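A look at the structure
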Amino acid sequence: MGEKWAWAVPRRVAVVALAVPPGPVNGPAVSEVTWSLLQRWGASFKRGADFNSWGQLVEATDEYQILARHLQKEAQAQHNNSEFTEEQKKTIGKTATCLELRSAALQSTQSQEEFKLEDLKKLEPILKNILTYNKEFPFDVQPVPLRRILAPGEEENLEFEEDEEEGGAGAGSPDSFTARVPGTLLPRLPTEPGMTLLTNRIEKIGLKDAGQCIDPYITVSVKDLNGIDLTPVQDTPVASRKEDTYVHFNVDIELQKHVEKLTKGAAIFFEFKHYKPKKRFTSTKCFAFTEMDEIKPGPIIIELYKKPTDFKRKKLQLLTKKPLYLHLHQTLHKE
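Given the structure is predicted, the values throughout are model-derived calculations rather than measurements.

In this structure the tally under the stated criterion is ten aromatic pairs. Note on Phe-269 and Phe-311: the rings are 5.0 Å apart at their centroids and 80° apart in plane angle, and the pair reads as edge-to-face. Of this pair, Phe-269 sits in strand β7 (residues 267-276) while Phe-311 sits in the loop between β10 (305-306) and β11 (326-334), placing them 42 residues apart in sequence. In this structure Phe-269 comes out as buried when scored by relative accessible area, which is 0%.

Given below as structure tokens:
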């Protein structure tokens, strides 16, 4: 798969070698954080295009989707939280749309008109020079509609009927473009003598309406008894396929802490999320979790619970009485 890049400030900043560019005309200088952000965007864009040129289409798709997601996040940021102007954010959002279009073209088996690599490469200098770019965008596209990622329980305050909302999923115009939510998976930590690392392979999840879920993915987090994060949160890529009452993922999640270093009572949470086009947000449908005494090598099947996600595990309600579960396979690594 394509190389993942961390969204943290580099450990060492070569101040002499890395000059901070000026901001927009008559504006303040750009912060080191924004300049570093632009560098990472450029590096990711080049990686994706290189993979694409080399015929490594899976890696290219992965890289395009990761970059598109971060661009969308910046394009939708509130003014006070962004150093980019509204016009610059529109351009960033349109660039994200083009990345999604190229990603969709790589996955399409139809011979319809596609967004080509040579088209995408026209955007590289635009993204690189976003702080000074003031020309018309070269393609007639619009930013992907706002996708709200709701906090656990927030969707409970929205007045709509769950079954009604999901009834028409998957219909829609054949010309419509649905942007995928890409993954934010992290690599395995370095091994330490006497310490254990865990790989959780998410194989599939059983749901009665599995085929109707749009852009389904799973958010994985590790929480203590108070619901506080103990490791970085990770999102899987969108599910690989849907079949009967199962959504298949077949993706590995690397626990970002040695098992022995987890606090007593910690649990690993798996939140199943999907996109609701009528409401234009991504919602949590159900969740599952494993506790520390369940970390054993081999397959494990765990129950699904109703939203909102109860990280403190005090008021759990089963999603269904039917034999539908989250299927995992755990692998332990120890020196």
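All right, on to the pairing of strand β6 (residues 246-254) then. Where strand β2 (residues 196-206) and β6 come together, seven bridges link them in antiparallel fashion. Within the sheet, the bridge partner assigned to Arg-201 lies in β6 and is Asp-252. Taken together, the three bridges between strand β5 (residues 241-243) and β6 define a ladder with antiparallel strand orientation. Its bridge partner lying in β6, Lys-242 is registered against Val-247.

Let us now look at the environment of Leu-319. Inspection of the secondary structure assignment puts Leu-319 in the loop between β10 and β11. Taking relative accessible area as the criterion, Leu-319 reaches 26% and is therefore assigned partly exposed. Leu-319 sits 32 residues away from Phe-287 along the chain, and the two C-alpha atoms are 8.7 Å apart.

One open sheet holds the five strands; their spatial order is β5-β6-β2-β11-β9, and the pairing between them is antiparallel. The open sheet has two edge strands, β5 and β9 (298-302), and neither has a second partner. Across the sheet, the axes of successive neighbouring strands diverge by a mean angle of 25°, strand direction being ignored. With five bridges joining them, β9 and β11 adopt antiparallel strand pairing.

So, how was this worked out
Residues numbered from 1 in each chain as written. Predicted model: local features only at pLDDT ≥ 70, side-chain atom pairs only at ≥ 80, totals over all residues. Heavy atoms only, no water. Phe/Tyr/Trp six-rings, centres within 6.5 Å; stacked < 30°, edge-to-face > 60°. Helix = DSSP H or I, 4+ residues; strand = E, 2+ residues; numbered from the N terminus. Buried < 20%, exposed > 50% of the residue type's maximum accessible area, 1.4 Å probe, protein only. Pairing = 2+ DSSP bridges. Axes fitted to C-alpha atoms, helices over the stretch in contact; angles between N-to-C directions.

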